[in-house]
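# Summary of the model geometry
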Amino acid sequence: MKNYIYKLTVLAGCSLLAVIAGCKKDLLNTQPLSSISDATFWKTANDATLALNGVYDSGAGYTGYNFWAATSMVNLDLMAGNGSEKESIPDNFTNGTLNSTYGFVGAYYSQAYAQIARCNNFLSNINNVTMDATQKAVMIGEVRTIRAYNYFNLGLYFGDVPLIQKILTVDEANSVTRTPRTDVWSFCENELKAAAAVLPVSVSADRLGHMTSASALAILGRLQLAQKKWADAATTYKTIIDFNYYAIDARYRELFLNAGENSREIIMSMQYIRDTYNHALLQYLTPETWGGWHQYSPFNELVEAYECKDGKTIAESPLFDKNNPYNNRDPRLDFNIMISDRTSFRGQVYSAKPGTTLPDRLNQYPGVWSGYAIYKFLEDDPTVANTNNDGNNFPLIRYAEVLLGYLEAKLEAGNAIDQALLDATINKVRGRAAVAMPPVTTTDPTALRTIIRRERRVEFAFEGIRYFDCLRWGIIGSENNQQFTGMKLTNDPANYKDYPVNANGYYIYKKRNFVVGKNELWPIPQSERDLNKNLTQNPGY
């Protein structure tokens, strides 16, 4: 995909209507910027390619919030009890104060529909193009997959949403009604199955980033898990497994850096190019010591989810030392989270020690930081990526998710679980060379369910699927309704007075008050309802 990116100008009459403009340099000089005549475009395969790249464009740089951008996906994970952020964006979604005028809610909604409008425009015009029929079918499959991915997420977070399948006039767009989620997801299921049937299993190196059959099926697997269609999900995931193309990479940290972005573990990713179509995730992630904003702060509750090296939880393992809690832990803890006076980055040790003059000291912005930072995605080589110019791709779906999803679906479908299945799924994920955690051996359904859910949390930390998992498991309220803690400050909490700590000496940080029965759905943005009086609101808003 990186060789194909071509940004198209998109103008919107409202959030559900988009008109493609400026597809060729000569047209920019002769055609109005607000429109382009279908008589002068949609003729050749090159036109179709340009339009397709416009469909893929989900924004670069400091783009707004959508279901593709790196910063957007990180925040979705933080919303699910994994951490907070300097401007409290994850907390504002989950602390009981969320309302229909919150701008970030509007961004997720409107940007999804803007991309859907580009999809609809493409699908409405592609048959006017004279080109190879097989190539055209693949392009159509790619666009249908992208549209279904957006609709799946809109249904997941907003519930009933307008289901738009064609280009609308402004009047039409401002009078649509909401379609039941079940119907939206049924549409997605049909679209993804149709797309998977025509898309290739894999693509050549110069087309990496394009949707494949595995991309469509992996999205379908998520949809089926969300609907508790366990047998269907198992079949879908098994189809990907049987492609015998995707594999668990022996590496872990490198999967999120330039060195691993073309790994066969990556099924679907957001594509970026340094200097051309870059993103600013490193600006947000990087601690202030290295010139970043240190925008994100993981919670200690996520840290505690990582097992000890013997495969037991910190509550069970004899390896766990409460006075040295970060030792003898699952290596993914150190791969994913920066720990004060432990993590080294670019030749320097990260420190959040309070009461110092260090840039990342806990008390520099009281109550804002947890003392932890996100290490995942931080590119070690400054010549490859820096804070405001990062071209590293962002993985949206990895093969590890397919294996864990397959095991979960088999378990919840009531199928017998044996060691062979465990070794073919979860033990491949946690047994990769860079992680080398002990294999799971229990086949007890209750115990295995807990292990699978914990494995998904620690394996995919900050990749954007934790909120999805918590919603479908029905635990999004309990995961947020608690007192969250930060870094370890003392081994003598009874006599420690400098900063508030709990009984185990961890910094008392944020507290959320998720409203169960309301906040499981986000509100329909008020700006949309002001334009369209036919849009109803979700309960409680």
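Description of the structure in this document. Please read these numbers as outputs of a predicted model, since none were measured by experiment.

Moving on: helix α2 (residues 45-56). With twelve residues, α2 should reach 16 Å at 1.5 Å per residue; the first-to-last C-alpha distance of 17 Å fits that figure. Of all twelve residues in α2, ten are buried, a share of seventy percent or more. For α2, the set of buried residues is D47, A48, T49, L50, A51, L52, N53, G54, V55 and Y56. Structurally, α2 contributes buried residues whose contacts are with α5 (103-125) and α6 (133-158).

In this section: the environment of V143. Looking at where V143 falls in the secondary structure, it is placed in helix α6. Remark: the alpha-carbon pair of V143 and F122, spanning 21 residues in sequence, is separated by 7.7 Å. Not counting chain neighbours up to four residues away, the residues in contact with V143 comprise L52, V55, C119, F122 and L123.

A separate point is the packing of helix α8 (residues 181-198) against helix α9 (residues 213-226). The contact between α8 and α9 brings their axes to 8 Å, and the two run at 155°. With respect to each other, α8 and α9 are oriented roughly antiparallel. Note that α8 runs across α9; the crossing there is left-handed. In contact with W185, C188, E189, L192, K193, A195 and A196 of α8, α9 contributes S213, A216, L217, I219, L220, L223, Q224 and A226. Residue classes in the contact of α8 with α9 are distributed as eleven nonpolar, two polar and two charged.

Conventions and cut-offs
Numbering of residues starts from 1 in every chain and runs along the sequence as written. Totals for whole chains, interfaces and linings use all residues, but because this is a predicted model, local features are given only for residues with pLDDT of at least 70 and pairs of side-chain atoms are given and counted only at 80 or more. To get the side-chain values, all heavy atoms of the structure are used, and hydrogens and water are removed first. The secondary structure listing takes helices from DSSP runs of H or I that are at least 4 residues long and strands from runs of E that are at least 2 residues long, numbered from the N terminus. Expected span of a helix, by definition, is 1.5 Å for each gap between consecutive residues, and there is one gap fewer than residues. Using a 1.4 Å probe on the protein chains alone, a residue whose accessible area is under 20% of its type maximum counts as buried, one over 50% counts as exposed, and one in between counts as partly exposed. Here, residues are in contact when the closest pair of their heavy atoms is within 4.5 Å. Between N-to-C directions, angles cover 0 to 180 degrees, with each direction set by a line fitted to C-alpha atoms, over the stretch in contact for helices. Orientation is classified from the angle alone, with under 35 degrees giving roughly parallel, over 145 giving roughly antiparallel, 65 to 115 giving roughly perpendicular, and any other angle giving oblique. Helix crossings are classified by the rotation of the near helix relative to the far one: an anticlockwise turn of less than a right angle makes the crossing left-handed, while a clockwise turn makes it right-handed. Here the nonpolar group is Ala, Val, Leu, Ile, Met, Phe, Trp, Tyr, Cys and Pro; Asp, Glu, Lys and Arg are the charged ones; every other residue, Gly included, is treated as polar.

These results come straight from atomic positions and should not be treated as a statement about function.
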